[in-house]
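Coordinate inspection notes
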Amino acid sequence: MVQIKSLEEYLKTYTRSVEQPELFWSEIAEQFDWIQKWDKTFESDMIKAEFKWFRNAKLNITSNCIDRHLDNKSDQTALLFVPNSPDEAAQKITYKELSLMVNRMANTLKDLGVSKGDRVCIYLPMIPELAAAVLACARIGAIHSVVFAGFSSTAVAARINDSSSKVMITSDGGYRGNKTIDLKGIVNDALKSCDSVESVLTIKRTGQETVMIEGRDYWYEDISKNLSDECEPEIMDAEDPLFILYTSGSTGKPKGMLHSTGGYMVYTGFTFKNVFQYESGDIYWCTADIGWITGHSYILYGPLLNGATTVMFEGVPSYPDFGRFWEIIEKYKVNQFYTAPTAIRSLAKESLEWVEKYDLSSIKVLGSVGEPINEEAWHWYDEHIGKRNCPIVDTWWQTETGGIMISPIPHVTPTKPTYATLPLPGIQPVLLDEQHKEITVNPAQGSLCIKHAWPSMARTIWGDHQRYIDTYFSAYKGYYFTGDGALRDDAGYYRITGRMDDVIIVSGHNLGTAPIEDAINEHPAVAESAIIGFPHDIKGNALYGFVILKESGTDRNQDELRIEINKMISDHIGPIAKLDKIQFVSGLPKTRSGKIMRRILRKIGEGDLSNFGDISTLLNPEIVEEIIEGRL
Ligand code: WT7
């Protein structure tokens, strides 16, 4: 794999990627196994949002992730599975074993009638079968739609219905810290409102009792037993869909981002190698869940494309104690460690003894992802985990971008706390001002947009191309709009300042305000609500809800209502979307056209009461005073 080793080389490569993108990307793509090569590197229309990468090329991504390593790495560990409980033995799954697991699972899916283009919904804990399920879909050309196992049955049902998944893969239950989650029960509930699912493949993990429905639900171990562990890879076009992954948006309906095969492979393979400077034999660990894009691209596809050893951790950083991450790093001699600022902050507030107990000298590179990393967390990470000796790669990207876009390259790009620094080769970020003009001077601040197509960009929103155009390609004509604001310093380094839309990042999870408000409004006592984010020491942002009660709700006990509202959110979305603060108000500040002025609520939530700007244009300016007085 092409590997950039010096700043000079980066600058040269970057310039070439901008001046000769066709040549640049075709050279990178040459490093993978293709059944048939492309006749054109890319076609891009940033107005209609139509993109083709590696036109007419044929491949199978699992041949690249697995089969191509079988000649010389068949006994090397591909997946290192670390269970939730430290008392349960870790499992080293070699490339050979992974190949057999994936192929057997692929044959099982075929046996259940899954074929190329069918959607398979995967709702599993972080166990090896999750990796196998994802890759099994890719093996036979089925489109995987992984739903994070923290989502509620309503959220799961919405995603199954949106993608009309034919088969569901789940487990009896899952372990997370000291909790056991009834995953199959949640699936059973979800499926009451889903017609498309014909079969449910169930993996045994916890051994708990569960209701199995005859003719629909199958234990994986039973039906896979007599099937072959050899399965020819399906021949896929570079633009055939690989997966759908849902992300929050500005309406209640989740956006199913659709990624395609060839471009995604090339980009995740290339960026994994460079951003983590992965060397053969290294042990790489990304603590994300495969239910998010970080897990798709940088636990599974990126590492496996490079023949890496990738750690899959089932548990949480605080179980059985706050030393868990560091204990795992010491035990398995992890070389690259990739986590989220919220995890760093939550561990930084605990005693340093948890860190100092362990030998972390194996670490070469530290990564951060998911939200801006604040200065304090950056320095703690650098000093106590990296011992001031490991570059921190603050990687900025999105579900929609498929892979890391702006990031330092270790030992190549000098790092700067809180800055994601420079774009990777092939990526052309720009800052646009309020007049929609590119800002060419430095320093600058504006809307972060991308000017040129890249291989792993999402191709559409499943079933709704117009929404894809409207969300990403309409605000600034001719550009991809990220939804983020950013600063650029004199050196051209980017610092992401945060979302410019109605998405709030809580503990690294992307949450739309609309779906949460929809859930709250389902409560019989609630008339209307508005959600904002406010700064939180550990979560980055926490949620603050302003709720107007109906007449019937006004004499209810407010603490009880708060519990019920959070239960409502938990049932509709999942516990991650629960509110930290709920303030009952008699009205919300609105413009004359009826739009809620979130800007004002945000200031109140942040405790910044200094300057609300002009509120005289509000329909109900008097409400602001009431809300300030009652603020929590
Ligand atoms: C949003 C995308 C792709 C990784 C997981 C999140 C924020 C992501 C950073 C970073 C500042 C970041 C952005 C982005 N974000 N990484 N290094 N610094 N902000 O994926 O759920 O699609 O969220 O996460 O606001 O738009 P996602």
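To be clear, the structure that these remarks concern was listed above.
Description of the structure in this document. (Residues numbered from 1 in each chain as written. Predicted model: local features only at pLDDT ≥ 70, side-chain atom pairs only at ≥ 80, totals over all residues. Heavy atoms only, no water.)

1. Some remarks on the packing of helix α13 (residues 341-348) against helix α15 (residues 375-385)
Put simply, the rule is: Axis definition: a line fitted to C-alpha atoms, over the contacting stretch in the case of helices. Angles run 0 to 180 degrees between N-to-C directions. Here a strand is any run of E in DSSP of at least two residues, a helix any run of H or I of at least four, and the numbering for each starts at the N terminus. Roughly parallel means an angle under 35 degrees; roughly antiparallel means over 145; roughly perpendicular covers 65 to 115; every other angle is labelled oblique. We call two residues in contact whenever any of their non-hydrogen atoms come within 4.5 Å of each other.
Look at α13 against α15: their axes get within 10 Å of each other, and the N-to-C directions meet at 75 degrees. Taken together, the axes of α13 and α15 are roughly perpendicular relative to one another. Facing I344, R345, L347 and A348 of α13, the residues of α15 in contact are A377, W380 and Y381.

2. Side note on the sheet that holds strand β11 (residues 199-203)
Just so we agree on the cut-off: A pair of strands counts as paired when DSSP detects no fewer than two bridges linking them.
With mixed pairing, eight strands are arranged side by side in an open sheet as β12-β11-β8-β6-β7-β14-β15-β23. The sheet is open, and its two edges are formed by β12 (217-219) and β23 (460-461), each paired on a single side. In this structure, strand β6 (residues 119-123) lies alongside strand β7 (residues 143-146), joined through four bridges in parallel fashion. Each residue of the ladder has a partner; that of I122, found in β7, is V146.

3. Considering the state of the cysteines
A covalent bond between the sulfur atoms of two cysteines is what we call a disulfide. Short version of the rule: When the sulfur atoms of two cysteines come within 2.5 Å, that pair is taken as a disulfide. Accessible area is worked out with a 1.4 Å probe on protein chains only. A residue is then buried under 20% of its type maximum, exposed over 50%, and partly exposed in between.
Inspection of the entire model under this criterion finds zero disulfides. Of all cysteine sulfurs, the one in C137 lies closest to C231, which takes part in no disulfide; the gap is 11 Å. Judged by relative accessible area, C231 falls into the buried class, the value being 5%.

4. A closer look at the site of the ligand
For clarity, the cut-off: A cutoff of 4 Å decides nearness: a residue is near a molecule or strand if any of its heavy atoms lies inside that distance of it. We define a polar contact as two N or O atoms separated by no more than 3.5 Å, with the added condition that, inside protein, one atom must be a possible hydrogen donor and the other a possible acceptor, whereas residues neighbouring each other in sequence contribute only through side-chain atom pairs. Note on areas: these come from Shrake-Rupley sampling with a 1.4 Å probe, and a residue is covered only by the protein chains present in the view.
Taken together, the neighbourhood of the ligand is formed by 18 residues, with D394, T395, T399, D484 and R499 sitting nearest. At 2.8 Å from a nitrogen atom of the ligand is found a main-chain nitrogen or oxygen belonging to T395. A distance of 2.8 Å separates an oxygen atom of the ligand from a polar side-chain atom of Q398. Protein contact buries 95% of the 560 Å² of open area that the ligand shows by itself.

5. Some thoughts on the packing of aromatic side chains
This is how it is decided: A pair of Phe, Tyr and Trp rings is counted when the ring centres sit within 6.5 Å of each other, with Trp represented by its six-membered ring. The angle between the planes then sorts it: under 30 degrees is stacked, over 60 is edge-to-face, the rest tilted. Whether a charge lies above a ring is judged from NZ of Lys or CZ of Arg, which has to be within 6 Å of the ring centre and within 35 degrees of the ring normal.
Summed over the entire model, instances satisfying the criterion amount to 42 aromatic pairs. Look at F325 and F337: their rings are 5.6 Å apart centre to centre, the planes differ by 75 degrees, and that puts the pair in the edge-to-face class. Placement of F325 in helix α12 (residues 324-332) and of F337 in strand β18 (residues 336-339) is noted, with a sequence separation of 12 residues between them. The aromatic ring of W219 is capped on one face by K204, whose charged end is 4.4 Å from the ring centroid. The positively charged end of K581 is found above the aromatic ring belonging to F534, 4.5 Å away from the centroid.

6. So, empty space enclosed by the protein
Using the following cut-off: As defined here, a cavity is a set of points on a 1 Å grid over the protein atoms alone where a 1.4 Å probe fits but cannot get out. A pocket is an open set with protein on both sides within 12 Å along at least five of seven lines, and residues line them when an atom is within 4 Å of a point. Grid points are joined across faces, edges and corners, and a volume is the space filled by probe spheres set on the points. Polar here means any residue other than Ala, Val, Leu, Ile, Met, Phe, Trp, Tyr, Cys and Pro, which are nonpolar, and Asp, Glu, Lys and Arg, which are charged; Gly is therefore polar.
Per the stated rule, a full pass over the model turns up two cavities of 30 Å³ or more. The volume enclosed by the largest cavity comes to roughly 40 Å³. Looking at the largest cavity, the residues that line it are N60, I61, C137, A138, G141, A142, M236, P241, L242 and T261. Elements that contribute at least two residues to the lining of the largest cavity include exactly α6 (128-140) and β14 (241-247). Looking at the lining of the largest cavity residue by residue, the class counts come to seven nonpolar, three polar and no charged. Counted as a void, the second largest cavity has a volume near 40 Å³. What lines the second largest cavity is V146, V147, F148, F151, R159, L245, Y246 and G291. Looking at the lining of the second largest cavity residue by residue, the class counts come to six nonpolar, one polar and one charged.

Any functional reading would require information beyond the geometric quantities listed.
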